[in-house]
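# Coordinates in review
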Amino acid sequence: MPASTISCLRSRCVRGYATSAFPLNPIARAKAEQLSADWKGTSLVGGTTKNYIGGKFVESKADNWLEIHDPSTQTVLSRVPETTGAEFEQAVDAASEAFKTWSRTSIITRQRFTIELQHLLRKYTPALADSIVLEQGKTVADARGDVLRGLQVVETAVGITSNLLGDYVEVSKDMDTYTRRVPLGVCASIAPFNFPAMIPLWSIPMAIATGNTLILKPSERDPGAAMIIAELCERAGLPPGVLNVVHGTVPTVNAICDHPAIKAISFVGGDRAGKHIYDRGTQNGKRVQANMGAKNHAVVMPDANKNLVLNSIIGAAFGAAGQRCMAISVAILVGKAQMWLPELVERASKLNVNGGFEQGADVGPLISPAAKSRVKKLIASAEQEGGRIHLDGRDVRVEGYPHGNFVGPTIVEAATTMTCYREEIFGPVLVVIQAESLDDALDIINANKYGNGTAIFTQSGATARKFENEVNVGQIGINIPIPVPLPFFSWSGNKASFLGDVAFNGKTGLQFYTQNKTITTLWKAEDAIGNRANVDMPTHH
Ligand code: NAD
């Protein structure tokens, strides 16, 4: 981008305010400067986010640029391009070319990449976390958790040498049948804003370790962590073109859905985009896995450990400002557990709402002013529809951050007919529903359209077992509020939380990125002619 355009954009008014009116505080500013100096693909001091194509971080020639704001102050940190059609073609060409050699590298070369990457991700976790705090708004501790949960996928991918073993059996005399799991080709991954490191890492290690090449489109709202990860992949020895990063919104997504060279799409995000990508991608003959929205219920039985319940629900409802697809957004208080509501409210009211870099911050800002106003509207709808607001975070004031997208912890007692229950809020809002029995709670959860996660708190094994057996939700916690399985298990959100046939991670993750070849051979013993052994140590390089 020409310097004149950048300076013109820099002085531009954002939402009616001159951007320079809300500078970063000194800690955030120092982090932004350090990241911009250390990493090739991301600038957080008002510069641009680069495309990563064929092993090079390149400035886009786009006409359309989107601003990335610090959600605590509205300061413009960077600008991200709507990658042009020509640049997108270059990325696909680079990935197609790289596939020819990467798909034929030995499995231990690919494993070695994952080993190096996990080491580098661990080493540079602080840098990744700083980028996430700046662009996404998470607290530092939560941002490190975002990286760690992605790192665990890389650690799982290190096991590729065992996990990619095929089947083999002698089917007849001198006749063998075996399967070989081969990569698909160029794959694509489209990510949401809420886990800028973890979700790109749901795709990168597994797609690449299985021999595919990848086009990643991170969220246009916080692509910085993905750019750092791309550079770490390069440092881990990944050849040019195996991973490419493009940017933008619907046009780039549609280009991914339509390009004939792209064989599979991994999507994580909201319902509207997920359905669109699933429909368009599958109509074009691609494999698509789409993880989408959620409404996760925690059932609190009266025999539960009260302290565990209150702390777990508060952490799971308000951590990451409620912007987790596995956040507990509904608490069903069964029978006498209803008496714990005042204490739940009191503990939640003590959470520290603050900028992500501030000491002791528990709840950071929402991603955008639009997200804040949407969340506030949904809280207001509860009031209008007869719900009761026990804790109201709409007017929270955060010292030093007058323009941040903050909403404080909010607890609303509501009915299942109300809008605040029916819609995914994706903010620090806990909807509380009263129920008389476990069966009533099960009916409520099973009638909900989503099936990402749920939890029960009880001291009774029998109650927990009945719940686990009868609830129609894919990921279930028993005395655990956010039952996100480690990545050697498959993600198993169901109902409207998933579209596709083959889920992320675990055995299915491997299946998604590979196809089988089944080979039958006949090598008759009497045809054997070899009479000289090779005694060198086999190295398989
Ligand atoms: P989003 O759907 O707005 O964006 C996700 C991606 O899709 C982005 O890369 C974006 O550029 C693209 N996109 C957005 N709108 C599009 C459209 N109309 N057509 C084509 N592409 C489009 O989601 P978000 O706001 O970034 O993320 C929050 C959502 O993601 C929540 O609904 C949350 O529940 C969901 N999520 C789900 C999981 C899961 O595993 N189920 C995990 C994380 C987040």
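All of these numbers come straight from a predicted model, not from anything done at the bench.

## What about the site of the ligand?
Within the structure, the ligand sits among 27 residues, and A191, E220, G270, M292 and E424 are positioned closest to it. Within the backbone of M292, a nitrogen or oxygen atom sits 2.7 Å from a nitrogen atom of the ligand. Taking E424, its side chain carries an N or O atom lying 2.6 Å from an oxygen atom of the ligand. Protein burial of the ligand: of its 840 Å² of free accessible surface, 89% is covered by the chains. Mapped by element, the contributors of at least two residues to the shell around the ligand are α10 (250–258), β13 (262–268) and α11 (271–283). A class-by-class count of the residues in the shell around the ligand yields 15 nonpolar, 8 polar and 4 charged. Among the domains, domain 1 (84–291) and domain 2 (296–478) are the pair contributing at least three residues each to the shell around the ligand.

## Overview of the domain arrangement of the protein
Much of the literature gives interface size as the accessible area that the parts lose upon coming together. Per the domain assignment, the segments of the protein are domain 1 (84–291) and domain 2 (296–478). Taking only C-alpha atoms, the centre of domain 1 and the centre of domain 2 are 32 Å apart. Contacts between domain 1 and domain 2 engage 16 residues on the former and 16 residues on the latter. Interface area for domain 1 against domain 2, summed over the two sides, is near 1,200 Å², with a carbon-plus-sulfur share of 63%. Taken together, the links from domain 1 to domain 2 amount to 2 salt bridges. For R324, the salt bridge is made with D142, and the minimal N-O distance between the two is 2.8 Å. Between domain 1 and domain 2 we count 4 residue pairs in polar contact (both at pLDDT 80 or more) in total. The set of elements that each furnish at least two residues to the side of domain 1 that touches domain 2 consists of α5 (125–136) and α6 (140–157). Looking at the side of domain 1 that touches domain 2 element by element, the count peaks at 5 residues for α5. Residues belonging to the side of domain 1 that touches domain 2 are distributed by class as follows: 5 nonpolar, 4 polar and 7 charged.

Cut-off values and rules
Residues numbered from 1 in each chain as written. Predicted model: local features only at pLDDT ≥ 70, side-chain atom pairs only at ≥ 80, totals over all residues. Heavy atoms only, no water. Near = heavy atom within 4 Å. Polar contact = N/O pair within 3.5 Å; in protein donor to acceptor, adjacent residues only side chain to side chain. Areas by Shrake-Rupley, 256 points an atom, 1.4 Å probe, with all protein chains shown as cover. Helix = DSSP H or I, 4+ residues; strand = E, 2+ residues; numbered from the N terminus. Nonpolar A, V, L, I, M, F, W, Y, C, P; charged D, E, K, R; others polar. Domains from an automatic or database assignment. Contact = heavy atoms within 4.5 Å. Buried area = accessible area lost by both parts, 1.4 Å probe. Salt bridge = Lys/Arg side-chain N within 4 Å of Asp/Glu carboxyl O.

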